[in-house]
Amino acid sequence: MKRASRAGLLFIMGAVLLFITSAVTAQGNVLNYGDRVIAEISDGQPQVFYSFNAAPGDIVMIHATGLEPGMTPSLSLNSGVGQQLAFGFGTEPATNEVFISVRIEEGGMHLLLVGVMPGTPAGRILVSIDGYSPSFTAPLTSSPVEVPLDPVQGPLAFNFNADLFENRTLCIQAMDFSALLITQDGQRVGTLHSGLLRGAALTIAPGEESFDLLLFPGEEPELAQLVYSPPGAGCSDLGPQPDTRSPGAPPPAA
């Protein structure tokens, strides 16, 4: 039933894409990274259109929460010429929430359609958009890498694939960081942050999935060490993490 509903919604979206640009201009619905807005969905206006600018390489993440009982929101992210880049709708266990993410390939205006799945109530939807321009992007392998974290330059991005047959371990060691792991089809699957051990690890199950890792610096510049290790290697390959912050920075909390 959900597949049929989704197909119906995609058909409707495709039919209106030619009119999106003029609709957005008329509504004045221009978004910037970091914005939080309320979309008002009604029977007379089953979708709300927004536009935003994105640069090549940006990672854009959009989250929507339906504020009415029984609502199942949907999101469609499209290029300026109407090509659908990502689509999602609320699923169990939280049918009133949906998250999509995409790495932008061609810069310029992009379009966001906010609506509800057919047969679910209309009403208010809280929409948030966040976008990041990584200072550089690189693949992760089983060889440890050392990268500079600098709050002035912003996050770093890495990409890697799950192993087809075995678990792998993603290890990050630094004094002050946070990280977000998302699949390349736009699903948020994990978060990491430094703690008492000045590092964090996450097991990646076997499969065909591809991932993007966004690594955010803390308040002080430092060096981070990362490894995407094969079975049996683990985070011990990184060794102890030295204090690599700039002189005069306060010691880490115990």
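Now for a description of the structure that goes with this document.

Thresholds applied
- Residues numbered from 1 in each chain as written.
- Predicted model: local features only at pLDDT ≥ 70, side-chain atom pairs only at ≥ 80, totals over all residues.
- Heavy atoms only, no water.
- Helix = DSSP H or I, 4+ residues; strand = E, 2+ residues; numbered from the N terminus.
- Buried < 20%, exposed > 50% of the residue type's maximum accessible area, 1.4 Å probe, protein only.
- Contact = heavy atoms within 4.5 Å.
- Areas by Shrake-Rupley, 256 points an atom, 1.4 Å probe, with all protein chains shown as cover.
- Core = buried A, V, L, I, M, F, W, Y, C linked by side-chain atoms within 4.5 Å.
- Salt bridge = Lys/Arg side-chain N within 4 Å of Asp/Glu carboxyl O.
- Pairing = 2+ DSSP bridges.
- Axes fitted to C-alpha atoms, helices over the stretch in contact; angles between N-to-C directions.
- Patch = residues over 30% accessible without salt bridge, like charges linked within 9 Å, V, L, I, M, F, W, Y side chains within 5 Å.
- Phe/Tyr/Trp six-rings, centres within 6.5 Å; stacked < 30°, edge-to-face > 60°.

**Description of the overall build of the protein chain**
1) Next: Helix and strand content of the protein chain: two helices and 17 strands.
2) Next: When burial is assessed residue by residue, the protein chain has 45% of its 254 residues classed as buried.
3) Next: The contacts of the protein chain with a sequence gap of at least 6 include a subset with a gap of at least 24, amounting to 74%.
4) Next: Put simply, the protein chain shows about 12,700 Å² of open surface, and 55% of that area lies on carbon and sulfur atoms.

**Section: the nonpolar core**
1) Next: Counting 24 residues, the largest nonpolar core has Phe52, Ile62, Leu75, Leu112, Val114, Ile125 and Val127 as its most contacted members.
2) Next: Listing elements by their share of this core, those giving two or more residues are β1 (36-41), β2 (47-54), β3 (59-66), β4 (73-79), β6 (97-103), β7 (108-116) and β8 (123-132).
3) Next: In terms of residue count, β2 provides more of this core than any other element does, four residues in total.
4) Next: Setting aside anything within four residues of it in sequence, one finds valine 127 in contact with Asp35, Arg36, Val37, Ala39, Ile62, His63, Ala64, Leu112 and Val114.

**Looking at the pattern of salt bridges**
1) Next: Under the definition given, this model contains four salt bridges.
2) Next: A salt bridge links arginine 36 to aspartate 130; the shortest N-O distance between them is 3.4 Å. On the criterion of sequence distance, the pair formed by arginine 36 in strand β1 and aspartate 130 in strand β8 is long-range, its members being 94 residues apart.
3) Next: Classification of arginine 36 by relative accessible area gives partly exposed; the value is 48%.
4) Next: Where aspartate 163 meets arginine 168, a salt bridge forms, and the shortest distance between an N and an O atom there is 3.6 Å.

**As for unusual backbone geometry**
1) Next: Cis geometry is found at the peptide bond from glutamate 92 to proline 93, where omega equals 5°.
2) Next: Among the secondary structure elements, proline 93 is positioned in the loop between β5 (84-89) and β6.

**Let's talk about the sheet that holds strand β15 (residues 199-204)**
1) Next: Reading across the sheet, the four strands line up as β10-β17-β12-β15 and stay open at both edges, with antiparallel pairing between neighbours. Each edge of the open sheet is held by one strand with a lone partner, namely β10 (145-149) and β15. Direction aside, neighbouring strands of the sheet carry axes that sit 20° apart on average.
2) Next: Where strand β12 (residues 168-173) lies against β15, six bridges are found, and the strand directions are antiparallel. If you follow threonine 169 over to β15, its bridge partner there is threonine 203.

**Comments concerning the sheet that holds β2**
1) Next: Read from one edge to the other, the open sheet built from four strands follows the order β2-β7-β4-β5, with strand pairing classed as antiparallel. For this open sheet the edge positions go to β2 and β5, each flanked by a neighbour on one side alone. Neighbour-to-neighbour, the strand axes of the sheet open up by a mean angle of 15°, direction not taken into account.
2) Next: The sheet contact formed by β4 and β5 spans five bridges and is antiparallel. By the bridge assignment, serine 76 is partnered in β5 with phenylalanine 87.

**A look at a nonpolar patch on the surface**
1) Next: A contiguous nonpolar surface patch, about 210 Å² in accessible area, is contributed by Ile38, Leu67 and Leu126.
2) Next: The residue leucine 67 is located in the loop between β3 and β4 in this model.
3) Next: Looking at leucine 67, the relative accessible area reads 34%, which means it is partly exposed.

**Some words on the packing of aromatic side chains**
1) Next: In total, this model carries five aromatic pairs according to the counting rule given.
2) Next: Aromatic side chains phenylalanine 87 and phenylalanine 89 sit 6.0 Å apart centroid to centroid with 45° between the ring planes, which places their arrangement in the tilted category. Exposure class is identical for phenylalanine 87 and phenylalanine 89. Each is buried.
3) Next: Both rings, one in tyrosine 132 and one in phenylalanine 216, keep their centres 4.9 Å apart while their planes meet at 75°; by these two values the pair is edge-to-face.

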